Amino acid sequence: MNVEQLATTAQALVADGKGLLAADESTGTIKKRFDQINTESTERSRRDYRHLLFTTPGAAEHISGVILFDETIRQESPDGKPLVKILQDAGMIPGIKVDSGAKPLAPHGVEKVTEGLDGLRERFQEYYKLGARFAKWRGVYDIGDGRPSRACISANAHALARYAALAQENDIVPVVEPEVLMDGSHTIADCERATEAVLRAVFAELAEQGVVLEGMLLKPNMVISGKDCPQQAGPDEVAKATVNCFKRVVPAAVPGIVFLSGGQGDEEATVNLNAINRLKAEEGAPWALSFSYGRALQQAALKAWGGKNDNADSARAAFRERAKATSAAAQGRYAA
Ligand code: 13P
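Note that the coordinates shown come from a computational prediction; the quantities given were computed from them, not determined experimentally.

(A) Highlighting the overall build of the protein chain. Within the protein chain one finds 12 helices and 10 strands. Computed over the C-alpha atoms, the radius of gyration of the protein chain is 19 Å, within 12% of the 20 Å expected from 2.2 N^0.38 for a compact globule of 336 residues. Principal-axis analysis of the C-alpha atoms places the extent of the protein chain at approximately 50 × 45 × 40 Å. Counting over 336 residues, the protein chain shows a buried share of 57%. Relative to all contacts within the protein chain whose residues are 6 or more apart in sequence, the contacts with residues 24 or more apart total 79%.

Here it is as structure tokens:
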């Protein structure tokens, strides 16, 4: 394990207001996104769509790294250039999603535990050769009726820490993603309690498994109201709850926190990230507070593309605009 290289990569991923593009939708998830634009999901259409995103002029001014799915890390452009090479040449670091999804947690019914540890060392060795320098593993937790349970919190914390240790062993920066879902009618206070409990368990396990905090990134949810909560907290309240929660539980040695958008609209995710960074400017915080958005960076581009490669330029323009706005928000400089 090369700790210096890990720390350098982790810092580069959150440097200068830059953040990550999550383009690692599994085959099932990307099909759902393509269904929204009446486009068939094939190996070729997925390649075309992601290729257009990665070749957006100027993307690297705002995007430091891109999380890929296993299929994508092996794909080439129509003229035969590996997509990984396209990212590298543009100045973006390739990353890879390595979990194999959230499965029902026996015997806890609706709760889930993320799988994918078997054979992970060998997969990391291969992904490193293919060019990946960071990775992602997502655990999910929902809120309601005694959930998340202790069992769900501890099973996912353990898996996240095992994954992170194996990533670092292979000189790959682990992006540790515990996501407390925004589905439901819970309040922002409920989200804060659940997020704090989840993060406490995650950092206890990371310490237990010997993960080097300087060589990782945290990818959490923001602390926000449930989607169906009648009382929706505004950006200032979200910023306060989020930063205060993280100050209690995230060690200062972690170089950066890159939020997921988690179903927030693109404008909402931008405004909230901006408020978080404004608050950081006032009160101080030890970590970079940036982004690793999937939907909030892609929704506009996906719509503009509509499955037609003739629309590639307008899709690129839409992607570029969201990337620019989100990066401004990561510096507390976004003006709606
Ligand atoms: P969203 O920003 O759409 O939540 O996607 C981020 C991600 O990588 C979820 O695992």
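(B) Looking closely at the nonpolar core. Within the largest apolar cluster, 98 residues are counted, with the highest numbers of intra-cluster contacts made by Phe-54, Phe-246 and Val-250. The contact partners of Val-250, leaving out residues within four places of it in the chain, are Leu-199, Phe-203, Leu-218, Ile-257 and Trp-287. Residues Ala-10, Leu-13, Val-175 and Leu-217 belong to the second largest nonpolar core, which totals 13 residues.

(C) Examining the side chain of Ser-292 more closely. Within the element layout of this structure, Ser-292 appears in strand 10 (residues 288-293). Assessed through its relative accessible area of 1%, Ser-292 is described here as buried. Only 2.8 Å separates the side chain of Ser-292 from the side chain of Lys-219, close enough to count as a polar contact.

(D) How the structure looks around the site of the ligand. In the region of the ligand, 13 residues are neighbours, and Lys-136, Lys-219, Ser-261, Gly-262 and Arg-295 sit closest. Between the ligand and the protein, one listed contact pairs an oxygen atom with a side-chain N or O atom of Arg-295 at 2.7 Å. Burial of the ligand by the protein amounts to 91% of the accessible area it has alone, namely 300 Å². Its atoms largely coinciding with the cavity grid, the ligand occupies the largest pocket. Counting only elements with at least two residues in the shell around the ligand, the list comes to strand 6 (134-141) and strand 10. Its residues placed into classes, the shell around the ligand shows 3 nonpolar, 4 polar and 6 charged.

(E) Local environment of the pairing of strand 7 (residues 173-180). Burial within strand 7 is extensive, with 8 of its 8 residues counted as buried. Burial of the side chains of strand 7 extends over both faces: Val-173, Val-175, Glu-177 and Glu-179 are buried on one face and Pro-174, Val-176, Pro-178 and Val-180 on the other. Summarising the sheet, strand 6 and strand 7 pair through 8 bridges and their orientation is parallel. Within strand 7, the position partnered with Trp-137 by the bridge is Val-176. In terms of handedness, the path from strand 6 via helix 7 (residues 150-169) over to strand 7 forms a crossover that is right-handed. Pairing analysis gives 2 bridges linking strand 7 to strand 8 (residues 217-218), with the strands arranged parallel. Note on strand 8: the bridge partner recorded for Val-176 is Leu-218. For the crossover that starts at strand 7, traverses helix 8 (residues 188-208) and ends in the parallel strand 8, the hand is right-handed.

(F) Structural context of the layout of surface pockets. Computed from the structure, the largest pocket encloses a volume of approximately 950 Å³. Around the largest pocket sit 39 residues that line it, and Thr-29, Arg-138, Val-140, Glu-179 and Arg-295 are the ones nearest its centre. Contributions of two or more residues to the lining of the largest pocket are made by helix 2 (27-36), strand 4 (102-104), strand 5 (112-114), strand 6, strand 7 and strand 10. Examining the composition of the lining of the largest pocket, we find that 4 residues originate from one element, strand 6, more than from any other.

(G) How the structure looks around helix 3 (residues 43-54). Its 12 residues give helix 3 an end-to-end C-alpha distance of 16 Å, which sits within 8% of 16 Å, the value for a rise of 1.5 Å per residue. Here helix 3 lies mainly inside the structure; 10 of its 12 residues are buried. Among the residues making up helix 3, those that are buried are Ser-45, Arg-46, Arg-47, Asp-48, Tyr-49, Arg-50, His-51, Leu-52, Leu-53 and Phe-54.

(H) Spotlight on empty space enclosed by the protein. Counted according to the given criterion, the structure contains 2 cavities of 30 Å³ or more. Approximately 80 Å³ is the volume attributed to the largest cavity. In terms of lining, the largest cavity is formed by 13 residues, of which the most central are Val-180, Met-182, Asn-221, Met-222 and Ile-224. Of the residues that constitute the lining of the largest cavity, the class distribution is 7 nonpolar, 5 polar and 1 charged. The computed volume of the second largest cavity comes to approximately 50 Å³. If you trace the second largest cavity, you find it lined by Glu-25, Ile-30, Arg-33, Tyr-49, Gly-294, Arg-295, Gln-298, Gln-299 and Leu-302. Breaking the lining of the second largest cavity down by element, the ones donating at least two residues are helix 2 and helix 11 (295-305). Examining the composition of the lining of the second largest cavity, we find that 4 residues originate from one element, helix 11, more than from any other. Its residues assigned to classes, the lining of the second largest cavity shows 3 nonpolar, 3 polar and 3 charged.

Reading guide: rules and limits
- Residues numbered from 1 in each chain as written.
- Predicted model: local features only at pLDDT ≥ 70, side-chain atom pairs only at ≥ 80, totals over all residues.
- Heavy atoms only, no water.
- Helix = DSSP H or I, 4+ residues; strand = E, 2+ residues; numbered from the N terminus.
- Rg over C-alpha atoms; globule rule 2.2 N^0.38 Å.
- Buried < 20%, exposed > 50% of the residue type's maximum accessible area, 1.4 Å probe, protein only.
- Contact = heavy atoms within 4.5 Å.
- Core = buried A, V, L, I, M, F, W, Y, C linked by side-chain atoms within 4.5 Å.
- Polar contact = N/O pair within 3.5 Å; in protein donor to acceptor, adjacent residues only side chain to side chain.
- Near = heavy atom within 4 Å.
- Areas by Shrake-Rupley, 256 points an atom, 1.4 Å probe, with all protein chains shown as cover.
- 1 Å grid on protein atoms, 1.4 Å probe; cavity = no way out; pocket = protein on both sides within 12 Å on 5 of 7 lines; lining within 4 Å.
- Sits in = over half its atoms within 2 Å of the grid points.
- Nonpolar A, V, L, I, M, F, W, Y, C, P; charged D, E, K, R; others polar.
- Pairing = 2+ DSSP bridges.
- Right-handed = clockwise from strand over helix to strand, strands pointing away.
- Points joined across faces, edges and corners; volume = space filled by probe spheres on them.
- Expected span 1.5 Å × (residues − 1).

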